[in-house]
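Examination of the molecular architecture
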Amino acid sequence: MNYNLYQAPENNGKKKPSVLTALKTLIVYMVEEKRTLVIAFASMIISAVLTLAGPIMIGYAIDHYVVTKQYKGVLVFSAVLLFMYIVSLVTGFIQTKLMGTVGQRMLFTLRNTLFKKLLDLPVDFFNQNQAGDLISRINNDTDKVNQFFSQTLIQFMRFILIMIGASVFLVCINFRLGLAALAPAVVILIFTWLVSPWVKRSNALNLKSVGSLSSEVQESLNNFNVIVAYNRRDYFQTRFEKVNLENFRTAIGAGIANNLMMPVFSFFSNMGQLIVLAFGIYLISVKLFTIGLLISFLAYVSNLYSPLRQLASLWANFQVALAGWDRIRIILNLENNMSVIEGKPLAKIANQSVILFKNVSFSYFNGKEVLHNISFNLEKGRTYAFVGPTGGGKTTTASLIARLYDPVKGTVYLKGKDIRSYPPIERSRSIGFILQEPFLFNGTVRSNILYGNERYKDVDNGKLLEDIQEAGLEKLLARFNEGLDTKVQPNGDGISLGQKQLIAFIRAVLRKPDLLILDEATANIDTVTEQLLEGILHKLPPATTKVIIAHRLNTIENADEIYFVNSGSVIRAGSLQEAVNMLLHGKRKS
């Protein structure tokens, strides 16, 4: 399945949603904030109404009290206006505070939802996308959305409300002058409608380049030891400069797009005020207008066009948020193609069968076929070795056994049932996996070896040490200075790759799986330790099936059966010598 985030929407045949549809899907994450939003919007409406009431009251006071020199009325109106402005200040503070908390809670929920979705997606998704880009979407893109909702949304709505109210007042005070005042605003709206798609695209390209930049930085830092060892700082510097230059170009493009509206809005805003001033003076000269009404009119024109100027930057923020939401939404809309299905047991299958491949073919997305129509059966309590040249398909076969992928054709059976019918928890109990480069977490040896093991959820160290000794793992644990409490920092210098493999080995053995897969699990450890591990494997329950993938022939010499994997086929090799001959032949052939 295509999980590439830059191709998925087109390949799935889905049209990008409209702005309104995107907003509706985003507002879902604010449903729990309904009460807070109602209070914030009520405060916003009160503030907007008070702002709109001010100019007409000032105009009325000028015509009825200033012109007639009734200063007591002026003082009364001034006191009323002061009270209105104080109330407007308080309501503005309330809405800002409430929307700030709403935005942060929304950011918290959105990031949790996005990360949970990532955990639900299959391995194939992570093979097709860069980790740095995913980090950028979780951190950067969600923050862009949060900034709009916590800092911009209420202002955006308030300005829209004030503009609509000001337009109504303008038309009601004088219809002809009102239409003249609104003419530049219509031009601004048409201009905004025309350039908005370009602004959104520019910001989307910039966010994409930020993701690429994050990926490049992460890859360089993760492989810094290799960079130093091979003295290839120049190579990675060149790669970084390339993505940084792309980010620079897209940032300039996004900056131009985001800032273009401000001068255009300012120009037409000034034109609107100039039209009102000239036409208003003419109407006063022919006694169709009063000075107080003209002052009110100019104030409403200011209420119309000042928010328009600020909407230029707010609209740019809105487009950035939409671009960020598009990148988040693509992930949230993805489906896991490795769902659990209903499966019936095979009618005819040996009671001792643990894993059965039946006419299995597999290829990676947009890649050539790795395995073609293979069939084999692995029985309880036996040890199987899979050998073959590099790139022959050994690890892919092991990945299919553990259901890290599903075959393109054919079926994999686990204990007589389609492996797809097992829930992930039940399947992980049955299958243990030790990789050549095991993944560990920051913490201790204890937390790492108990990871995902429900049987040891509340166990104390005493009981855990007993089980470790019973499994013959105590000598491995002794390799760590502080035992179970030894600190583990996977990316630090405190633990070697060999020690990481020992931790992964202890973790897998303590799970007591029905099937244990060792994919080059002894590649980074010394011969003495390897012999110790072999002794531990012999202590596993007799019914445990072991699958060993290795290049070192001494690792597989005690296997009950050996399979040769190469060029899409899995062939039973027979003896160790026959496997060696096949391996040599395969190497000459390749």
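Residues numbered from 1 in each chain as written. Predicted model: local features only at pLDDT ≥ 70, side-chain atom pairs only at ≥ 80, totals over all residues. Heavy atoms only, no water.

**Remarks on the overall build of the chain**
Looking only at helices and strands, one finds 18 helices and 12 strands in the chain. At 35 Å, the chain has a C-alpha radius of gyration far larger than the 25 Å of a compact globule built from 590 residues. Seen along its three principal axes, the alpha-carbon backbone of the chain occupies a region of about 115 × 55 × 55 Å. The 590 residues of the chain split such that 46% are buried. (Helix = DSSP H or I, 4+ residues; strand = E, 2+ residues; numbered from the N terminus. Rg over C-alpha atoms; globule rule 2.2 N^0.38 Å. Buried < 20%, exposed > 50% of the residue type's maximum accessible area, 1.4 Å probe, protein only.)

**Considerations on the nonpolar core**
If you look at the biggest cluster of nonpolar residues, it comprises 42 residues, and the most contacted ones within it are Ile449, Leu464, Leu473 and Phe505. If you list the elements that add at least two residues to this core, you get strand S3 (383-387), helix H13 (445-449), helix H14 (461-470), helix H15 (474-477), helix H16 (497-510), strand S9 (515-519), helix H17 (527-538) and strand S11 (561-566). Broken down by element, the residue count for this core peaks at 8 residues, all from H16. With near-sequence residues (within four places) excluded, Leu464 lies in contact with Arg446, Ile449, Leu450, Tyr456, Val459, Leu484 and Leu510. (Core = buried A, V, L, I, M, F, W, Y, C linked by side-chain atoms within 4.5 Å. Contact = heavy atoms within 4.5 Å.)

**With respect to the environment of Thr142**
By secondary structure assignment, the location of Thr142 is in helix H6 (residues 131-173). Residue Thr142 is classed as buried on the basis of its relative accessible area of 0%. Taking the C-alpha atoms as reference, Thr142 lies 22 Å from Ala40; in sequence the two are 102 residues apart. If we ignore the near neighbours within four places in the chain, the residues touching Thr142 are Leu107, Leu110, Arg111, Leu114, Arg137 and Ile328.

**Quick word on the packing of aromatic side chains**
Inspection of every chain in the model, using the stated rule, returns 17 aromatic pairs. Considering the side-chain rings of Phe386 and Tyr563, the 5.3 Å spacing of their centres and the 15 degrees angle between planes classify their relative orientation as stacked. Taken together, the positions of Phe386 in strand S3 and Tyr563 in strand S11 put the pair 177 residues apart, joining distant regions of the chain. Across the pair, exposure class does not vary: Phe386 and Tyr563 are buried alike. Counting every residue linked through ring pairs, the aromatic cluster contains Phe357, Phe376, Tyr384, Phe386 and Tyr563. Taking the ring centre of Tyr422 as reference, the NZ or CZ of Lys417 above it sits at 5.3 Å. (Phe/Tyr/Trp six-rings, centres within 6.5 Å; stacked < 30°, edge-to-face > 60°. Lys NZ or Arg CZ within 6 Å of the ring centre and 35° of its normal.)

**Comments concerning the pattern of salt bridges**
Applying the stated criterion across every chain, the model contains 11 salt bridges. Here Arg137 makes a salt bridge to Asp133, at a shortest N to O gap of 2.9 Å. Here Asp133 and Arg137 lie together in helix H6, a separation of 4 residues that amounts to about one turn. For the pair Arg137 and Asp133, one class covers both residues: buried. A salt bridge links Arg327 to Asp133, with the shortest nitrogen-to-oxygen separation between them at 3.3 Å. Taken together, the residues span a long stretch of sequence, with Arg327 in helix H10 (residues 291-332) and Asp133 in helix H6 at a distance of 194 residues. Here Arg327 matches Asp133 in class, with each residue buried. Salt bridges here are not isolated pairs; linked through shared partners, they connect Asp133, Arg137, Asp141 and Arg327. (Salt bridge = Lys/Arg side-chain N within 4 Å of Asp/Glu carboxyl O.)

**Describing the packing of helix H3 (residues 34-66) against H6**
Contact geometry for H3 and H6: axes closest at 9 Å, N-to-C directions at 30 degrees. Here H3 and H6 pass one another in a crossing that is right-handed. The segment H3 lies against H6, with Ala40, Phe41, Met44, Ile45, Ser47, Ala48, Thr51, Leu52 and Ile56 engaging Ile154, Met157, Arg158, Leu161, Ile162, Gly165, Ala166, Phe169 and Ile173. Each residue belonging to the contact of H3 with H6 can be placed in one class, and the counts come to 14 nonpolar, 3 polar and 1 charged. (Axes fitted to C-alpha atoms, helices over the stretch in contact; angles between N-to-C directions. Left-handed = near helix turned anticlockwise from the far one by under 90°. Nonpolar A, V, L, I, M, F, W, Y, C, P; charged D, E, K, R; others polar.)

**Remarks on unusual backbone geometry**
Of note, Lys415 is a non-glycine position whose phi angle comes to about 50 degrees, a positive value. Within the secondary structure, Lys415 is located in the loop between strand S4 (409-414) and strand S5 (417-418).

**Quick look at the confidence of the model for the chain**
Across the chain, the average pLDDT comes to 81, with 91% of residues at or above 70. The low-confidence segment residues 9-13 (pLDDT under 50) makes 3 contacts with residues lying over four places distant or belonging to another chain. (pLDDT = per-residue confidence, 0-100.)

**Side note on the pairing of strand S12 (residues 569-572)**
Bridging between S11 and S12 involves 4 bridges; their strand directions are antiparallel. Looking across to S12, one finds that Phe564 is bridged to Ile571. Connecting S11 to the antiparallel partner S12 that follows it, the hairpin turn spans 2 residues, and Ser567 within it adopts a positive phi of roughly 55 degrees. (Pairing = 2+ DSSP bridges.)

**Notes on the sheet that holds strand S2 (residues 369-379)**
The strand order S2-S1-S4-S5 describes an open sheet built from 4 strands, whose pairing is antiparallel. Looking at which strands have only one partner, the edges of the open sheet turn out to be S2 and S5. Pairing geometry for strand S1 (residues 353-363) and S2, over 7 bridges, is antiparallel. Opposite Ile355, over in S2, you have Leu378 as the bridge partner. Sheet contacts for helix H11 (residues 394-401): S1, S2 and S4; angle to S1, the most-contacted strand, approximately 120 degrees.

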